[in-house]
Amino acid sequence: MAASMAVASCWVLRGCRDQRLLLGWGRRLCSGGGRAAADARTHFGFQTVSEEEKGEKVYQVFENVAKKYDIMNDSMSLGIHRIWKDIFLHQMNPCPGTQLLDVAGGTGDIAFRFLNYVRSQREHQVRQQLRTHQNLSWQEITKLYQEEEHKSLGGSHVVVCDINKEMLKVGKQKSQCLGYSEGLSWVLGNAEELPFNNDSFDVYTIAFGIRNVTHIDHALQEAYRVLKPGGRFLCLEFSHVNNSLVSSLYDLYSFQVIPVLGEVIAGDWKAYQYLVESIRCFLTQEELKELMEDVGFLKVEYRNLGSGIVAIHSGFKL
Ligand SMILES: C[S@@+](CC[C@H](N)C(=O)[O-])C[C@H]1O[C@@H](n2cnc3c(N)ncnc32)[C@H](O)[C@@H]1O
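Rules used throughout
Residues numbered from 1 in each chain as written. Predicted model: local features only at pLDDT ≥ 70, side-chain atom pairs only at ≥ 80, totals over all residues. Heavy atoms only, no water. Near = heavy atom within 4 Å. Polar contact = N/O pair within 3.5 Å; in protein donor to acceptor, adjacent residues only side chain to side chain. Areas by Shrake-Rupley, 256 points an atom, 1.4 Å probe, with all protein chains shown as cover. Nonpolar A, V, L, I, M, F, W, Y, C, P; charged D, E, K, R; others polar. Core = buried A, V, L, I, M, F, W, Y, C linked by side-chain atoms within 4.5 Å. Buried < 20%, exposed > 50% of the residue type's maximum accessible area, 1.4 Å probe, protein only. Helix = DSSP H or I, 4+ residues; strand = E, 2+ residues; numbered from the N terminus. Contact = heavy atoms within 4.5 Å. UniProt positions renumbered as here; feature names shortened; annotations may be inferred. Axes fitted to C-alpha atoms, helices over the stretch in contact; angles between N-to-C directions. Parallel < 35°, antiparallel > 145°, perpendicular 65-115°, else oblique. Salt bridge = Lys/Arg side-chain N within 4 Å of Asp/Glu carboxyl O.

A few points about the site of the ligand
Near the ligand you find 18 residues, and of these Tyr69, Ala104, Asp162, Ala191 and Ala207 are the closest. In this structure, an oxygen atom belonging to the ligand sits 3.0 Å away from a side-chain N or O atom of Lys85. Ile163 places a main-chain nitrogen or oxygen 3.3 Å from a nitrogen atom of the ligand. A total of 600 Å² of accessible area belongs to the ligand in isolation, and the protein chains cover 97% of it. Taken together, the residues of the shell around the ligand sort by class into ten nonpolar, six polar and two charged.

If you want it as structure tokens, here you go:
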């Protein structure tokens, strides 16, 4: 069974690769410049659709699953997506004052982790500062702590930008429930045409989002544009498994279990079928690295997690 799944997924993967070449999804077309023709075709999972249709279908998927999105993430990944996101934040290692743009930010998982991380960094900074002033009176120490409480993020801010109103709505409700208000804003916007000025952010993140974007090269160009010189691009995304045993088990789980979970928990088999298929059709680690380099990012590197089930790509605007 596992072997036949592996063969099937190989076939499918080859199909997706051929499709990418046919549909001009590859590097040559991207570096060819100019926006794609209005009638260009692309993939939506294993289907071939018009680019316009892809945008609509992706929108529908996330509109339909928005309310169940978080619970589905936990069930499908057995909670492992939380570990990947924590690792992602540690790799970012933001300091107080960082201005972050989280694109395809959905229900805010990266933004909330960012705020927690920066707050704890800030607390650490303040404790260090107080330790260096050994001769302060207790009144002065209390006053300093009170002042610092009001600037617990040290000026950091995160903008969550997503194309889907429903995902943002769930994210905003979650932020209220969890008590996040300071240093956070929500913006409706398309990764391919970001509603922000040039050179605005220190860090741009996109977690499990870039796979869903129709023109990945345009999204990367936009990321480059809105980052400040010296800014960092970080992408967390499903990728290609480099271990044959893990790959067989992963395929078995993906194709046999995930759509069933999607139906049982979110009442939407198709959305989770799309998830599995879109992962198989997505760029390899090296292909995404090359696209990033094409738009001008430097020091581009990636790190596989879980034998490549996901990968973190990093690059700088220098
Ligand atoms: C799998 S969710 C990821 C959400 C969140 N980043 C996380 O890690 O949990 C993908 C998100 O990408 C968003 N998305 C898809 N296409 C987009 C686009 N062109 N521009 C901005 N967001 C997009 C969807 O609306 C959805 O919220």
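Points about the nonpolar core
Counting residues in each nonpolar core, the largest one holds 51 residues, and the members touching the most others are Trp84, Phe114, Leu184, Leu236, Phe238, Tyr272 and Val310. Residue contributions to this core peak at seven residues, all from helix α6 (residues 109-132). Apart from residues lying up to four places away in sequence, Leu184 is in contact with Ala111, Phe112, Leu115, His157, Val158, Val160 and Ser175. In terms of nonpolar packing, the next biggest core, distinct from the first, is built from 28 residues, Cys161, Val213, Leu291 and Met292 among them.

A word on the UniProt feature "binding site: S-adenosyl-L-methionine" (unreviewed entry) in the chain
UniProt's feature table lists "binding site: S-adenosyl-L-methionine" (unreviewed entry) at Thr107, Asp162, Asn190 and Ala191, given in the numbering used throughout. As for its position among the elements, Thr107 is in the loop between β3 (99-103) and α6. A distance of 2.9 Å separates the side chain of Thr107 from the side chain of Asp70, its partner in a polar contact. Judged by relative accessible area, which is 7%, Ala191 ranks as buried. Apart from residues no more than four positions distant in its own chain, Ala191 is found in contact with Val103, Val213, His218, Ala219 and Glu222.

Section: the packing of helix α4 (residues 69-77) against helix α5 (residues 80-92)
Contact pair α4 / α5: the axes reach a minimum separation of 7 Å and the direction vectors enclose 100°. Between α4 and α5, the interaxial angle falls into the category roughly perpendicular. Contacts between α4 and α5 involve Asn73, Asp74 and Ser77 from the former and Ile80, His81, Arg82 and Lys85 from the latter. Classifying every residue of the contact of α4 with α5 by side-chain character gives one nonpolar, three polar and three charged.

Regarding the pattern of salt bridges
Enumeration according to the criterion identifies eleven salt bridges in this entry. Between Lys85 and Asp109 there is a salt bridge, with the nearest N and O atoms lying 2.8 Å from each other. Of this pair, Lys85 sits in helix α5 while Asp109 is found in helix α6, placing the two residues 24 residues apart along the sequence. Among the residues examined, Lys85 registers a relative accessible area of 4% and is labelled buried. Linking Asp251 and Arg280 is a salt bridge whose minimum nitrogen-to-oxygen distance equals 2.7 Å.

Observations regarding the side chain of Gln285
Within the secondary structure, Gln285 sits in helix α13 (residues 285-295). Residue class for Gln285 comes out buried when judged on its relative accessible area of 7%. Within the structure, the side chain of Gln285 is placed 2.9 Å from the side chain of Asn304, a separation counted as a polar contact. Other than its neighbours up to four places away in sequence, Gln285 contacts Ser239, His240, Tyr302, Asn304, Gly308, Ala311 and His313.

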